[in-house]
Protein chains: 2
Amino acid sequence: MNAADSRFPVSERSNGALAARVRGSVHVIGAGLLGASVGLGLRERGVDVTLEDLSPTTVALAADYGAGRVRTSEDPEPTLVVVATPPDVTADVVERALAQYPAAVVTDVASVKLAPYLELVRRGVDLTNYVGSHPMAGRERGGAIMARADLFVARPWVVCRDHETPAEALAIVEAVALDLGATLIEMTPEEHDRSVGLVSHLPQVVSSLLAARLIPATEQAIGLAGAGLRDTTRVASSDPELWVQILGANRGPVVELLDAFARDLSGFADALRDPAQAGARRTIADLLSAGNNGVARIPGKHGSSERFTSITVLIDDTPGQLGRLLTELGELGINMEDLRLEHSPGAQIGFAEIAMLPEVAERAVTDLVERGWRTL
Amino acid sequence: MNAADSRFPVSERSNGALAARVRGSVHVIGAGLLGASVGLGLRERGVDVTLEDLSPTTVALAADYGAGRVRTSEDPEPTLVVVATPPDVTADVVERALAQYPAAVVTDVASVKLAPYLELVRRGVDLTNYVGSHPMAGRERGGAIMARADLFVARPWVVCRDHETPAEALAIVEAVALDLGATLIEMTPEEHDRSVGLVSHLPQVVSSLLAARLIPATEQAIGLAGAGLRDTTRVASSDPELWVQILGANRGPVVELLDAFARDLSGFADALRDPAQAGARRTIADLLSAGNNGVARIPGKHGSSERFTSITVLIDDTPGQLGRLLTELGELGINMEDLRLEHSPGAQIGFAEIAMLPEVAERAVTDLVERGWRTL
């Protein structure tokens with residue numbers, strides 16, 4: 001494999017699963033970030049994609065970007081319909097699609113799965129041809145203009161089935177996920193919503209509330225902020241309008257998690273408030289240790305420093321400086337597992353914290369220092 | 001300035017403030033990460049540094065690393081004493097140092113400032129020669145073995161004075177901070193503790209409790225974790241023993257902040273619980289928007305995407321690949337403002353999210369794609 005190939009592992013991992021299954025077309029309803037990205041990805045695999053959106057401008061834009069062609073009344077019934085609308089209209093649009101295209105499999109990509117499903121059941125809709133799904137992909141900014149064929153590459157894609165889901169319907173939706181490069185995970189809607197409540201919705205609320213606390217702070221206090229505050233509040237910059245919908249649609253699990261978190265917080269505050277209370281210090285230490293253990297469970301993250309050692313290298317803030325450092329690491333045969341950059345406000349200097357396997361860290365420092373780098 | 005120089009801006013920024021002021025020696029009590037780093041930094045500036053620690057092994061190790069020499073009873077009285085012990089013994093050690101070296105200025109580097117000060121006042125200690133300080137520097141792992149002369153470079157260093165602090169005592173402590181490359185900030189002990197409570201202690205507790213919630217989660221749920229969870233829980237891997245001390249010593253402000261945060265959380269949960277309640281949706285949207293505004297106040301952070309635009313480039317997980325990307329960005333004259341890496345568990349592929357000025361982002365994407373890179 002040459003260097004150019006190694007930059008593009010996508011096509012190597014594609015198995016053309018969908019192209020083999022879909023004889024007709026895929027119809028995408030909702031031509032925003034996710035819908036247009038599905039269209040772009042499938043078009044790259046040679047699938048015929050039609051598009052539809054409430055906004056004529058949006059659908060025309062997505063078509064211009066190559067995500068598919070605008071669907072007309074002459075088009076034959078699609079094999080698969082992908083509903084990629086905002087979560088609060090997902091059930092409506094799925095119901096309409098099932099009625100309009102009775103032979104098609106219908107899926108959706110909403111980030112909550114139980115509420116739309118229960119709403120469809122409540123309405124008595126026949127869900128034989130419906131398979132809900134949720135690709136764990138997204139960007140801070142939405143819209144077709146940000147869409148990319150590679151948006152789903154190597155991301156988890158949850159597919160929700162029940163015991164009545166026909167194998168062929170499931171296979172078509174899973175083929176889409178695989179063709180777009182995603183990693184498949186099967187869950188029930190309940191499992192999905194509880195899971196994303198914990199790993200995505202709770203952190204979002206906590207981060208937003210923490211960031212909101214900074215509004216009345218003095219300039220001086222905020223001047224003491226370090227990487228800890230920056231990391232903890234990063235997702236607080238997400239789109240409020242989208243999150244009102246997501247949190248509303250996953251109300252049950254999120255409220256339960258928020259209540260439990262509030263209890264944890266009160267228990268912690270009480271132990272801290274009254275140090276004379278028996279075991280107060282122990283309660284605090286146990287909760288902080290539990291945090292150590294919890295963070296160590298997150299896959300693909302290297303901050304827990306269980307598996308990796310970090311070294312910190314001083315760099316200046318000029319273009320190419322970090323590139324030179326990483327190129328030299330490559331020359332030294334050091335595989336970087338993670339990298340974090342920190343800038344010092346007001347100083348023309350930065351810190352690159354590089355995670356690597358513990359057995360190579362000492363050599364990395366020695367070799368870098370020998371080459372004139374300064375490590376902390 | 002040639003490339004080699006530009007890697008070492010430290011010495012250029014040093015003004016030798018301390019070397020001019022300190023005629024005698026600096027005595028460091030507590031030869032852990034901070035104490036040994038102070039010693040190393042001052043030794044590099046030609047200052048005579050003596051060391052002391054409860055542990056003979058620790059002090060010998062710090063001396064071996066070049067942080068100073070072990071103090072003996074023959075040594076004359078130092079000009080400055082730096083107390084770098086754990087926070088729960090800071091007041092004791094400061095009191096003893098003031099008694100033992102009546103002509104010396106005494107400072108400490110504890111991460112809480114009011115509790116040790118009040119304890120000293122309560123004991124009736126004459127604090128004319130005492131100036132508390134707090135360098136905002138540290139690493140996940142402590143100990144002399146992790147110490148570095150550059151630990152304080154470009155970090156905020158808070159110096160706490162009151163109206164009785166003599167100008168000369170203050171000047172000596174500030175000269176140390178400047179000589180070690182830090183940025184000086186003057187605050188009262190109360191201001192300091194409230195500030196670090198908000199920007200450091202509250203985020204630590206929230207992050208730890210959030211990570212602790214992951215312990216009972218299923219493997220499948222944690223498999224859905226993305227960058228949001230990783231960022232939000234990163235500081236949860238900090239040392240529990242140290243944090244028990246820090247939080248205990250800053251009990252008042254931290255409890256107040258935790259209580260306020262718990263109220264925010266309950267208000268949010270209540271609005272989510274009862275969507276029929278008047279203005280519930282608005283309450284949620286307002287709190288999420290407040291999070292947007294809060295995160296935008298953090299200096300030197302680029303996650304709020306107010307000032308910078310991010311592009312995402314696909315890279316594979318081989319040594320040197322990221323280096324090549326950043327080198328090419330340098331060749332294109334693109335100054336990277338921030339960089340975040342994300343790995344996909346189970347896939348030989350990573351994402352580099354690169355923040356830059358909005359006006360160069362489009363050109364960066366075009367030029368990178370032209371050079372064969374894949375952007376998302």
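Residues numbered from 1 in each chain as written. Chains lettered and ligands numbered in written order. Predicted model: local features only at pLDDT ≥ 70, side-chain atom pairs only at ≥ 80, totals over all residues. Heavy atoms only, no water.

1. A look at the overall build of chain A
Short version of the rule: Put simply, DSSP marks the helices as runs of H or I at least four residues long and the strands as runs of E at least two long, and each gets a number from the N terminus on. Residue burial is assigned from relative accessible area. The probe radius is 1.4 Å, only protein chains are included, and a residue is buried under 20% of its type maximum, exposed over 50%, and partly exposed in between. It only takes one pair of heavy atoms within 4.5 Å for two residues to be counted as in contact. Under the convention used here, a 1.4 Å probe and the Shrake-Rupley method define accessible areas, while residue burial counts only the protein chains that appear.
Secondary structure assignment for chain A yields 16 helices and twelve strands. With 376 residues in all, chain A has 58% of them scored as buried. Of all intrachain contacts in chain A linking residues separated by at least 6 positions in sequence, the fraction that spans at least 24 positions is 69%. About 14,700 Å² of surface is accessible on chain A, with carbon and sulfur atoms providing 52% of the total.

2. Quick notes on the packing of helix α9 (residues 189–212) of chain A against helix α13 (residues 251–273) of chain A
Packed helices, taken two at a time, are described by the angle between their axes plus the distance between the axes. All names here are of chain A. Stated precisely, the cut-off is as follows: Each axis is a line fitted through C-alpha atoms, and for a helix only the stretch in contact is used; angles between axes span 0 to 180 degrees, taken between their N-to-C directions. Throughout this description, any angle smaller than 35 degrees is read as roughly parallel, any larger than 145 degrees as roughly antiparallel, any in the 65 to 115 degree range as roughly perpendicular, and the remainder as oblique. Note on convention: the crossing is left-handed when the near helix lies turned anticlockwise from the far helix by less than a right angle, right-handed when the turn is clockwise. In this classification, the charged set is Asp, Glu, Lys and Arg, the nonpolar set is Ala, Val, Leu, Ile, Met, Phe, Trp, Tyr, Cys and Pro, and all remaining amino acids, among them Gly, are polar.
Running from N to C, α9 and α13 point in directions that differ by 55 degrees, and their axes come no closer than 9 Å. In terms of axis orientation, α9 runs oblique to α13. Crossing geometry of α9 relative to α13 is assigned as right-handed. Contacts between α9 and α13 involve Asp 193, Arg 194, Gly 197, Leu 198, His 201, Leu 202, Val 205 and Val 206 from the first element and Pro 253, Val 254, Leu 257, Leu 258 and Phe 261 from the second. Residues that form the contact of α9 with α13 fall into these classes: nine nonpolar, two polar and two charged.

3. Points about the relation of the copies chain B and chain A
To be explicit about the condition: Superposition of the copies used a least-squares fit over C-alpha atoms from residues whose pLDDT is at least 70 in both.
If you rotate chain B by 180 degrees and push it 0.1 Å along the axis, it lands on chain A with an RMSD of 0.1 Å. Taken together, the rotation and translation describe the operation of a two-fold axis. Within chain B, the C-alpha atom positioned nearest to the axis of rotation is that of B:Thr232, 2.0 Å from it. Most of the interface of chain B is mirrored in chain A, where 100% of its interface residues again form contacts.

4. Concerning the interface of chain B and chain A
What counts is decided by this rule: Accessible area that two parts lose when put together, evaluated with a 1.4 Å probe and summed over both, is termed the buried area. A pair is scored as a salt bridge if a Lys or Arg side-chain nitrogen falls within 4 Å of a carboxyl oxygen belonging to Asp or Glu. Pairs of N or O atoms within 3.5 Å make up the polar contacts considered here, provided that, within protein, one atom can donate a hydrogen while the other can accept it, and that residues adjacent in sequence are counted only when both atoms are side-chain atoms.
The partner chain A presents 141 residues to the 140 residues of chain B that form the contact. The contact between chain B and chain A buries some 12,900 Å² in all, and 63% of this surface belongs to carbon and sulfur atoms. With a closest N to O distance of 3.2 Å, B:Arg234 and A:Asp231 form a salt bridge. At the boundary of chain B with chain A, the tally comes to 25 residue pairs in polar contact (both at pLDDT 80 or more).

5. A few points about the pattern of salt bridges
Counted according to the given criterion, the structure contains 44 salt bridges over all chains. The salt bridge partner of B:Arg374 is A:Asp150, with a shortest N-O separation of 3.0 Å. Of the two residues, B:Arg374 is situated in strand β12 (residues 374–375) and A:Asp150 in the loop between β6 (130–135) and β7 (156–160); the pairing between them involves two chains. Put simply, A:Glu328 and A:Arg371 hold a salt bridge, and the shortest N to O gap is 3.5 Å. Separated by 43 residues along the polypeptide, A:Glu328 in helix α15 (residues 321–331) and A:Arg371 in the loop between α16 (358–370) and β12 (374–375) bring together distant segments of the chain. The exposure class of A:Glu328 is buried, given its relative accessible area of 13%. By sharing partners, the salt bridges in this structure join A:Asp92, A:Glu95, A:Glu119, A:Arg122 and A:Arg123 into a single network.

6. Examining the pairing of strand β9 (residues 309–316) of chain A
All names here are of chain A. Definition in use: Only strands that DSSP links by at least two bridges are regarded as paired with each other.
Most of β9 sits inside the fold, with seven of its eight residues counted as buried. For β9 and β12, the ladder comprises two bridges, and the chain directions are antiparallel. Paired with Leu 314 across the two strands is Arg 374, which belongs to β12.

7. Let's talk about the confidence of the model for chain A
All names here are of chain A. Under the convention used in this document: pLDDT is a per-residue confidence score from the predictor, ranging from 0 to 100.
Looking at chain A, the pLDDT average stands at 86 and 88% of residues meet or exceed 70. Within chain A, the element-level pLDDT minimum falls on helix α1 (residues 3–6), averaging 32, and the maximum on strand β4 (residues 80–83), averaging 98. Across residues 1–15, where pLDDT falls below 50, the model places 28 contacts with residues more than four positions away in sequence or in other chains. Ignoring residues within four places in sequence, the model shows residues 301–306, a span with pLDDT below 50, making 16 contacts including any to other chains.

8. Things to note about the nonpolar core
One recurring pattern in soluble globular proteins: nonpolar side chains tend to sit buried together. Selection rule: Nonpolar core, defined: a set of buried Ala, Val, Leu, Ile, Met, Phe, Trp, Tyr and Cys residues in which side-chain atoms within 4.5 Å join the residues together.
The biggest cluster of nonpolar side chains holds 84 residues, and the ones touching the most others in it are A:Leu258, A:Phe261, A:Phe268, B:Leu258, B:Phe261 and B:Phe268. Look past the residues within four positions of B:Phe268 in its chain and what remains in contact with it is A:Val205, A:Leu209, A:Leu247, A:Leu258, B:Ile284, B:Leu287 and B:Leu288. Formed by 40 residues, the second largest nonpolar core is a distinct cluster that contains A:Met336, A:Met356, A:Leu368 and B:Leu325.

9. Re the sheet that holds strand β5 (residues 105–108) of chain A
Residues and elements named next belong to chain A. With mixed pairing, eight strands are arranged side by side in an open sheet as β3-β2-β1-β4-β5-β6-β7-β8. In this open sheet, the two strands that pair with only one neighbour each are β3 (69–70) and β8 (183–187). Strand direction decides the pairing type here: β6 and β7, joined by four bridges, are antiparallel. The partner of Pro 135 across the bridge, within β7, is Trp 157.

10. Details of the environment of B:Leu210
For B:Leu210, the location among the structural elements is in helix α9 (residues 189–212). Classification of B:Leu210 as buried rests on a relative accessible area of 2%. Considered as a pair, B:Leu210 and B:Thr232 are 22 residues apart in the sequence and their alpha carbons are 8.1 Å apart. Here B:Leu210 is in contact with A:Leu202, A:Pro203, A:Val206, A:Phe261, B:Thr232 and B:Thr233, once residues within four sequence places are set aside.

11. A closer look at the side chain of B:Glu174
Residues and elements named next belong to chain B. Our working definition: Neither His nor the chain termini are counted; the positive set is Lys and Arg, and the negative set is Asp and Glu.
Along the chain, Glu 174 turns up in helix α8 (residues 167–179). For the buried residue Glu 174, which engages in no salt bridge, the nearest side chain bearing the opposite charge is Arg 161, 6.2 Å off. Setting aside its immediate chain neighbours within four residues, Glu 174 contacts Val 159, Leu 184 and Glu 186.

12. Structural notes on the packing of α9(B) against helix α12 (residues 240–249) of chain B
All names here are of chain B. Two elements in contact, α9 and α12, have axes whose closest approach is 11 Å; the angle formed by their N-to-C orientations is 125 degrees. With respect to α12, the element α9 is oriented oblique. Where α9 crosses over α12, the two elements pack in a sense that is left-handed. Contacts from Ser 200, His 201, Gln 204 and Val 205 in α9 reach Trp 243, Ile 246 and Leu 247 in α12. Its residues assigned to classes, the contact of α9 with α12 comprises four nonpolar, three polar and no charged.

13. A short note on the sheet that holds strand β4 (residues 80–83) of chain B
All names here are of chain B. Read from one edge to the other, the open sheet built from eight strands follows the order β3-β2-β1-β4-β5-β6-β7-β8, with strand pairing classed as mixed. Taken across any chain shown, the strands that pair with only one partner, and hence form the sheet edges, are β3 (69–70) and β8 (183–187). Here strand β1 (residues 25–29) runs beside strand β2 (residues 48–52); their pairing, made up of five bridges, is parallel. Across the sheet, His 27 pairs through a bridge with Thr 50, a residue of β2.

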